[in-house]
Amino acid sequence: MKTFDVVVRGKLVLEEEVINGEIGVKDGKVEIISKNTTHLQGGKMLDFGNAYVFPGTIDVHVHCFSNPNEGFISTSTSAAAGGITTFLDMPYDLPNPVNNVEQFEKKVKKLEEEAIVDICLWGTISKKGGTDQIIPLAEAGAVAFKMSTFETDAYRFPRIPDPEIMKAMDLIKETGLRAAFHSENDEIIVDLIEEYQRENKVYPSAHMETRPPVTETSAVLKLLEFAYWTGVKLHIVHVSHPRTIELIQLFKKQGVQVTSETCYPYLLLDVHDLEKFGPRAKNNPPLRKPDEVKGLWDQLKAQNIELISSDHAPWGPEHKDRGKDNIFLSASGLPGVEIMTPLMFDSTVAKGILTPIEFAKLMSTHPAEVFQIPRKGKVAVGYDADFAVIDPEAIWVIDETKFRSYSKMSPFHGKEIKGKIIQTIVRGKTVFDGNAVSVKPGFGQFVPGSAAKENVVGRK
Ligand SMILES: [Zn+2]
């Protein structure tokens, strides 16, 4: 009888079926999956009974370093507690964005010292004249490239002018990686905010009113057309509105290789929550009206949205509370890595809206496919043994004060949830045991993108 390093028992969520079975893990990989529940032997036996063993969540949209108080240790600890086994960290770091190889290599080194779970790194380009870094960043292992049509910060998070976007798309196409965009129309938003401030209309929902749906859809429409002519693989991040998905579907039919994500707040909150919670519920793009949120759900159920991400942005009261009397002064973004997976489980699988298999596709399989991350995203032989174990019957209440992230401000504080992460496993090792994180910083690995040079792949 063969002995494995670890044997995992439970309700295994495989690609095509859910089985009561066993997984034999050797050297961090799934070596066998068995329907019998008594015969595999391992150095460590983990029996989860009736709990689901999902592929670990892959969160493609995380901002560790938008706030230097956060960083890899707290975000990846929080992610581990939230069932996330791999995340893709955004390039808009403070003070310096990851728009050159030197910055990228520095970040890889830090990651290898501090990560609790596995991490891929996004690259970006500077506002002008930065496209020459695209090929070197791809070879250094960037997983994809993020750009913006909205100027959050002229240096760190700039609006990229159209001619630079076209140049970038041509080069990114050569790498085979994806070009992803924060898509909002800068001019309309800046103009509306000026007008609202002048008229002292600074109440919470003014944030939504100054970023109407057309500011998202018109920005996306331009990018779709650019992708049509350049042939680049396009990805639209944090879609907030169903009309955006309708446009994406039109261009998919014409052969444009475009994928999209929405984020958990756009599905679970609406503009009334912005009115109620103020800065805590402020994000970009903003929360939408209830009928628009319903439209987004319809698109999700129709499988027109590939994946769900958190857009984790770790702001504290010093960034959020200054917007109490003027919503425009608050930082945008919510923390999410620790609560996204259980929140989405609670609102889909627990309510019979999605099957466990559909849930696994949105949270893990599609993220790995869209971003071409090898050996991740499935409970399957030959894949990394990355699992999020969810007890579907456990009921608990979200307590923001217990978040492991620097950010402890969430509009979901106090919400009762059905479905709890009882264990997170990365490459066969328990990184979160249901109560505490059980590995040291540095256990998590850098996962290079698919265009990385061979000497970078498997550096650890
Ligand atoms: Zn973001």
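Residues numbered from 1 in each chain as written. Predicted model: local features only at pLDDT ≥ 70, side-chain atom pairs only at ≥ 80, totals over all residues. Heavy atoms only, no water.

## Some remarks on the overall build of the protein
Okay, so step 1: In terms of helices and strands, the protein carries 14 helices and 15 strands.
Okay, so step 2: Computed over C-alpha atoms, the radius of gyration of the protein comes to 21 Å, within 12% of the 23 Å expected from 2.2 N^0.38 for 460 residues, which places it in the range of a compact globule.
Okay, so step 3: Expressed along its principal axes, the backbone C-alpha trace of the protein runs to roughly 75 × 45 × 45 Å.
Okay, so step 4: In the protein, which comprises 460 residues, the proportion classed as buried is 62%.
Okay, so step 5: Across the protein, the fraction of contacts at a sequence separation of at least 24, relative to all contacts at a separation of at least 6, is 73%.
Okay, so step 6: Counting only carbon and sulfur atoms, one obtains 51% of the accessible surface of the protein, whose full area is about 17,000 Å².
Okay, so step 7: Mean positive and mean negative side-chain charge positions of the protein (54 and 62 charges, respectively) differ by 3 Å. (Helix = DSSP H or I, 4+ residues; strand = E, 2+ residues; numbered from the N terminus. Rg over C-alpha atoms; globule rule 2.2 N^0.38 Å. Buried < 20%, exposed > 50% of the residue type's maximum accessible area, 1.4 Å probe, protein only. Contact = heavy atoms within 4.5 Å. Areas by Shrake-Rupley, 256 points an atom, 1.4 Å probe, with all protein chains shown as cover. Lys, Arg positive; Asp, Glu negative; His and termini not counted. Charge placed at Lys NZ, Arg CZ, Asp CG, Glu CD.)

## A short note on the pairing of strand E9 (residues 178-182)
For a regular strand, side chains alternate in direction, first toward one face of the sheet and then toward the other.
Okay, so step 1: E9 sits mainly inside the fold: five of its five residues count as buried.
Okay, so step 2: Where burial is concerned, the two faces of E9 agree: the one with Arg-178, Ala-180 and His-182 and the one with Ala-179 and Phe-181 are both buried.
Okay, so step 3: The sheet contact formed by strand E8 (residues 145-148) and E9 spans four bridges and is parallel. Across the sheet, residue Ser-148 finds its bridge partner in E9, namely His-182.
Okay, so step 4: Each parallel crossover has a hand, and the one from E8 via helix H4 (residues 162-175) to E9 is right-handed. (Pairing = 2+ DSSP bridges. Right-handed = clockwise from strand over helix to strand, strands pointing away.)

## Some details on the coordination of the zinc ion
Okay, so step 1: Donor atoms from the polypeptide that coordinate the zinc ion comprise His-61 (NE2), His-63 (NE2) and Asp-311 (OD), at 2.0 to 2.2 Å from the metal.
Okay, so step 2: The motif formed by the donor residues of the zinc ion, counted along the single chain, is H-x1-H-x247-D. Placement of His-63 in the loop between strand E5 (57-62) and helix H1 (71-81) and of Asp-311 in the loop between strand E12 (307-309) and helix H12 (317-320) is noted, with a sequence separation of 248 residues between them. (Donors = N, O, S within 2.8 Å, 3.2 Å for Na, K, Ca; no water.)

## A word on the state of the cysteines
Okay, so step 1: On inspection of all chains with the given rule, the structure shows zero disulfides.
Okay, so step 2: Cys-120 carries a free sulfur, and the closest cysteine sulfur to it, the one in Cys-64, is 12 Å from it.
Okay, so step 3: A residue is classified by how much of its surface remains accessible, and Cys-120, at 1% relative accessible area, is buried.
Okay, so step 4: A disulfide-free cysteine, Cys-263 has its sulfur positioned 16 Å from the sulfur of Cys-64, the nearest such atom. (Disulfide = S-S within 2.5 Å.)

## Quick look at the domain arrangement of the protein
Okay, so step 1: One can read the domain layout of the protein as domain 1 (3-53 + 383-432) and domain 2 (56-370).
Okay, so step 2: Of note, the centres of domain 1 and domain 2, computed from C-alpha atoms alone, are 27 Å apart.
Okay, so step 3: Each partner contributes residues to the interface: domain 1 has 37 residues there, and domain 2 has 48 residues.
Okay, so step 4: Looking at the side of domain 1 facing domain 2, the largest losses of area belong to Tyr-406, Met-409 and Pro-411, adding up to 24% of the total buried there.
Okay, so step 5: Here Arg-404 makes a salt bridge to Glu-338, at a shortest N to O gap of 2.7 Å.
Okay, so step 6: Summed over the shared surface of domain 1 and domain 2, the number is 13 residue pairs in polar contact (both at pLDDT 80 or more). (Domains from an automatic or database assignment. Buried area = accessible area lost by both parts, 1.4 Å probe. Salt bridge = Lys/Arg side-chain N within 4 Å of Asp/Glu carboxyl O. Polar contact = N/O pair within 3.5 Å; in protein donor to acceptor, adjacent residues only side chain to side chain.)

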